[in-house]
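# Inside the fold
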Amino acid sequence: MICPVCGGTEIIYDAEHGNYVCARDGTVIEEKVADPGPEWREFDAGDRNKKRRGRSWDHR
């Protein structure tokens, strides 16, 4: 991605606002970009176990 104003190539993603911004001059390159990250996050191992699906198998 290149800044159309200054030609800078250091573009920063502002996750709070969903914008790509030129680090050199502050030009907003793209606005309201969808966050490609996961829709949920885990805080600890207990949360991970709550999200598991299916049944555990007992191989005896």
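Being a predicted model, the structure only gives us computed values, none of them experimental.

Attention now goes to the confidence of the model for the protein chain. With 55% of its residues at a pLDDT of 70 or more, the protein chain shows a mean pLDDT of 77. Per-element mean pLDDT across the protein chain ranges from 57 in helix H1 (residues 45-51) up to 94 in strand S2 (residues 19-22).

The next subject is the environment of Glu30. Summarising the element assignment, Glu30 is placed in strand S3 (residues 28-30). When the C-alpha atoms of Glu30 and Tyr20 are compared, they prove to be 5.2 Å apart, with 10 residues separating the residues in sequence. For Glu30, the residues in contact, after removing those within four places along its chain, are Met1, Gly18, Asn19 and Tyr20.

Quick look at the packing of aromatic side chains now. One pass over the full model with this rule turns up 1 aromatic pair. Measuring from centroid to centroid gives 5.0 Å for Tyr13 and Tyr20, while their planes differ by 50 degrees, and the two rings are tilted.

Position of Thr9 relative to the elements: it lies in the segment before strand S1 (11-14). According to the relative accessible area criterion, Thr9 is exposed, its value standing at 62%. Considering only alpha carbons, one finds Thr9 and Ala23, 14 residues apart in sequence, at a separation of 8.4 Å. With near-sequence residues (within four places) excluded, Thr9 lies in contact with Met1 and Ile2.

What counts, and where the lines are drawn
Residues numbered from 1 in each chain as written. Predicted model: local features only at pLDDT ≥ 70, side-chain atom pairs only at ≥ 80, totals over all residues. Heavy atoms only, no water. pLDDT = per-residue confidence, 0-100. Helix = DSSP H or I, 4+ residues; strand = E, 2+ residues; numbered from the N terminus. Contact = heavy atoms within 4.5 Å. Phe/Tyr/Trp six-rings, centres within 6.5 Å; stacked < 30°, edge-to-face > 60°. Buried < 20%, exposed > 50% of the residue type's maximum accessible area, 1.4 Å probe, protein only.

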